[in-house]
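For reference, the chains in residue letters:
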Amino acid sequence: MMRKTKYFWGAFAGRGSKWEKAAGENARMLPKATHEERKKQEVKRRGKLKTMAGKLLKAVASGKEAAEEKTGGVEIAGNLLKMATSRKGAEGGMPAEEAICGFIEQGKFLEACDHIYYLEHSGNDEVGKSESLYKLLAERMWTVVGEALSGSGRMFLESLQSVGESLKWEKQKEAEWLGSSQETGPVSTWSPNFWRKDLEEQLIQYMTAQIPPLGSSANTNETALKQHLSQLETSFLPILEHRSGVFEDAGLLSTYTHCCRASWTSHLATLTDSSCFSFSQCLLVYEWGLKMYKSGSETCLGPRQTPQHSLSFGVECLLWIVLKTEEKLLAAAQKEVGRALKEAFDIGKPPCADAAVIQILTEKMEAAWRVSESLSEKVEAVCLEECLRFLESYENEVRNFLQLDGCSGICSGLWILENCCILRAVWCKLTYICSASTGQDVKVNGFLDRMEDEITEHFLQTVASKVKGTLKEHFRKCDSTFDNIVESLKQSFLAFGKKKTDMYEQALVKAVNAIVIAEYVQALLTTFRKPSSAQRRTIVSKMEEDHRMLQAIFKECLGPAASHLKDPIRAILELIQTSDAEGMKIALLPILKEFPDLREEHLSAVLDIKGSLNREDRAALLEAFHSNCRESKPEVNLLFADIEVKPGKYRLCGCLCC
């Protein structure tokens, strides 16, 4: 390769008159056929040279139109060829342009820089020869760099050192230019000013191409990612380290190391930036970076036996990668926890178990703890904050649910209430596992208290509405759906109890019991006024059947606590099934004691259902009511206070004979 390169640049420079003279003498010594063949090869070689030089110049030319590049590159190459083969004339010596091409050919780039700079400021650069030479010089330097990267660095060490010296020369000239009183405009467009940037781009492009392929991020599993990271550590980084030696000897280690770090940090950032990358995958990258940082890997990316500023830059670079990966890891944890909570507590779907929710939150903390305790604390904080954020959004969803028209599903309302109970249990366990702040605890309990109050009120209103609707014709028809809705409530409550929400369940079941009993008594006392004998028998029969059903259902839901529930249906049944007036007076006394809000119109409606009382017995019973009734206390739970019964005609005229 070196021979070919020297041959190419020797032909390009022309070697001057001495070279041609020697060539002529050698030609005369050759046979005629060989002499003619040599001429043909020379013409062919010069044509190829012109074409290749034109392509090189066109590749490095910048800031010009495509049309100019297409035609101008070949023309400039032709001019350079003419310059390289021109003669100085009678004065003798090698022309400046030819000497510069000779330096470029030999890899003496610093000498070429000095001569081009002299030509540039000599006043004889009227056709822009220096700019073309700078570009040709740059192209040749990048060729040498490419050879060094391909593994032939030692063969090109001297030329590579000259590349490093040329870059230092450019910085020196730039500093001199900026330090002078001249205008700073030309320095910004000066070709050598872009050499360092071009070198870095070439190095990064080469290094990036050496990174082992991972494949599509969407299809990357953890096993493939582990293998990829292992390849980076055992294959990619050692290759870069091996190549770094020749660049260190050439004085280009700083640039080379910078490009190494830029290429692999960009690769790792691209990996973790993918929206398909999960928390566990980000954790693998984080763990790998942390291991590299802690171990002080002896690759070109880690600490080296170099000056202190290089060592610091390596440590800072690794630390930056770890911190950036940590940011993406925490973001992935937040995203996955939020998505999991939303799926677990979807309004309108049966709730999940609290253990499943705890697992969603704690599995990430435990995975992070296996890598780093400090990371585990950060993941823990992110999970807690995401819980707060979810609760806030869930509260808004619940309110929207309650405001929807026709939103009267008992199951949906009960599911939301179950979710609140589960969330409270989950938060209680989390505060035991994690270090939740007092402020977070207050916020969570505030969210849950408000949601429970709102959904409980809505649920009870829904139950009251449905029960009222089924009882409207309950005592008039045989096919009432009252028993169906009560059975549905029972099933819902039994499922509710399986979620370990006993405290909430008992309070809710007692509240539902009070609503059902109140609506039942309301329907009982207002459906008929002066029912017939057949209707009275139907009413009593339904009351007995309904009472047995309700007792069984609420006992199954509440257990022994059901014995403490008020039972006005049984009290009314005992009153109307007592055969004599004196016995009714006795049966009335516990009713008045248990239900102090019973009014006279309520008692009259009950006596209408009995129907067999004569006027005297009725009057005696009402008199006993007035004698024993007492004003109810405000704090006592009242049943009959909200039941409206229209007074009978006897009450309107003030006598008992109507």
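A few points on the structure.

### Observations regarding the overall build of the chain
Now for step 1: Looking only at helices and strands, one finds 26 helices and 0 strands in the chain.
Now for step 2: Taking all 658 residues of the chain together, the buried fraction comes to 47%.

### Examining helix H23 (residues 581–594)
Now for step 1: Given a rise of 1.5 Å per residue, 14 residues ought to cover 20 Å, and the 20 Å separating the end C-alpha atoms of H23 matches this to within 8%.
Now for step 2: Taken together, the buried positions of H23 are Ala 581, Gly 583, Met 584, Ala 587, Leu 588, Ile 591 and Leu 592.
Now for step 3: On its buried face, H23 sits against helix H22 (568–577), helix H24 (600–610) and helix H25 (615–628).
Now for step 4: The backbone nitrogen of Glu 582 has a side-chain oxygen 3.4 Å away, supplied by the residue at the start of H23, namely Asp 580.

### A short note on a nonpolar patch on the surface
Now for step 1: Together, Tyr 293, Leu 319 and Leu 323 make up an exposed nonpolar region whose accessible area comes to about 230 Å².
Now for step 2: With respect to the secondary-structure elements, Tyr 293 resides in helix H13 (residues 279–295).

### Some points on the nonpolar core
Now for step 1: By size, the foremost hydrophobic cluster in this structure holds 171 residues, and its most contacted members are Trp 195, Phe 247, Leu 430, Phe 459 and Met 543.
Now for step 2: Considering each element in turn, this core owes the most residues, 12 residues, to helix H16 (residues 373–403).
Now for step 3: Apart from the residues within four sequence positions on either side, Leu 430 is in contact with Ile 358, Leu 361, Met 365, Leu 384 and Cys 387.

### Thoughts on empty space enclosed by the protein
Now for step 1: If you walk through the whole model with that rule in mind, you get 5 cavities of 30 Å³ or more.
Now for step 2: Each pocket or cavity is described by its volume, and for the largest cavity that value is around 80 Å³.
Now for step 3: Leu 341, Val 357, Leu 361, Cys 387, Phe 390, Leu 391, Leu 423, Val 426, Trp 427, Leu 430, Val 444 and Leu 448 are the residues that line the largest cavity.
Now for step 4: Of all the elements in the fold, those that place two or more residues in the lining of the largest cavity are helix H15 (354–371), H16, helix H17 (410–433) and helix H18 (438–471).
Now for step 5: When residues of the lining of the largest cavity are assigned to their parent elements, the largest contribution, 4 residues, is made by H17.
Now for step 6: In the lining of the largest cavity, the residues fall into 12 nonpolar, no polar and no charged.

### Overview of the packing of helix H11 (residues 222–249) against H13
Now for step 1: Two numbers describe how H11 lies on H13: the axes approach to 9 Å, and their chain directions differ by 25 degrees. Relative to H13, the element H11 is oriented roughly parallel. Crossing handedness for the pair H11 and H13: right-handed. Taken together, the residues of H13 that come into contact with H11 (itself represented by Glu 222, Leu 225, Lys 226, Leu 229, Leu 232, Glu 233 and Leu 237) are Ser 280, Gln 281, Leu 284, Val 285, Trp 288, Lys 291 and Met 292.
Now for step 2: Of the residues assigned to the contact of H11 with H13, the class counts are 8 nonpolar, 2 polar and 4 charged.

### Let's talk about the packing of aromatic side chains
Note on aromatic pairs: each is described by the distance of the centres and the angle between the planes.
Now for step 1: Applying the stated criterion across every chain, the model contains 14 aromatic pairs.
Now for step 2: With 5.6 Å between their ring centres and 80 degrees between their planes, Trp 264 and Trp 288 make a pair best called edge-to-face. Note that Trp 264 is positioned in helix H12 (residues 253–273) and Trp 288 in helix H13, a separation of 24 residues in sequence. Just as Trp 264 is buried, Trp 288 falls in that class too.
Now for step 3: Residues Phe 459 and Phe 493 carry aromatic rings whose centres are separated by 6.4 Å and whose planes lie at 80 degrees to one another, so their mutual orientation is edge-to-face. Taken together, the residues span a long stretch of sequence, with Phe 459 in helix H18 and Phe 493 in helix H19 (residues 482–497) at a distance of 34 residues.
Now for step 4: Exposure remark for Phe 493: the relative accessible area of 1% places this residue in the buried category.
Now for step 5: An aromatic cluster of three or more residues is present, and its members are Tyr 117, Tyr 134, Trp 169, Trp 190 and Trp 195.
Now for step 6: Just above the ring of Tyr 117 sits the side chain of Lys 173; from NZ or CZ to the centre is 4.4 Å.

### Some remarks on the environment of Lys 129
Now for step 1: Tracing the sequence through the fold places Lys 129 in helix H7 (residues 129–152).
Now for step 2: Using a relative accessible area of 19% as the deciding quantity, one classes Lys 129 as buried.
Now for step 3: It is 8.2 Å that separates the C-alpha atoms of Lys 129 and Leu 119, two residues lying 10 residues apart in sequence.

Reading guide: rules and limits
Residues numbered from 1 in each chain as written. Predicted model: local features only at pLDDT ≥ 70, side-chain atom pairs only at ≥ 80, totals over all residues. Heavy atoms only, no water. Helix = DSSP H or I, 4+ residues; strand = E, 2+ residues; numbered from the N terminus. Buried < 20%, exposed > 50% of the residue type's maximum accessible area, 1.4 Å probe, protein only. Expected span 1.5 Å × (residues − 1). Contact = heavy atoms within 4.5 Å. Polar contact = N/O pair within 3.5 Å; in protein donor to acceptor, adjacent residues only side chain to side chain. Patch = residues over 30% accessible without salt bridge, like charges linked within 9 Å, V, L, I, M, F, W, Y side chains within 5 Å. Areas by Shrake-Rupley, 256 points an atom, 1.4 Å probe, with all protein chains shown as cover. Salt bridge = Lys/Arg side-chain N within 4 Å of Asp/Glu carboxyl O. Core = buried A, V, L, I, M, F, W, Y, C linked by side-chain atoms within 4.5 Å. 1 Å grid on protein atoms, 1.4 Å probe; cavity = no way out; pocket = protein on both sides within 12 Å on 5 of 7 lines; lining within 4 Å. Points joined across faces, edges and corners; volume = space filled by probe spheres on them. Nonpolar A, V, L, I, M, F, W, Y, C, P; charged D, E, K, R; others polar. Axes fitted to C-alpha atoms, helices over the stretch in contact; angles between N-to-C directions. Parallel < 35°, antiparallel > 145°, perpendicular 65-115°, else oblique. Left-handed = near helix turned anticlockwise from the far one by under 90°. Phe/Tyr/Trp six-rings, centres within 6.5 Å; stacked < 30°, edge-to-face > 60°. Lys NZ or Arg CZ within 6 Å of the ring centre and 35° of its normal.

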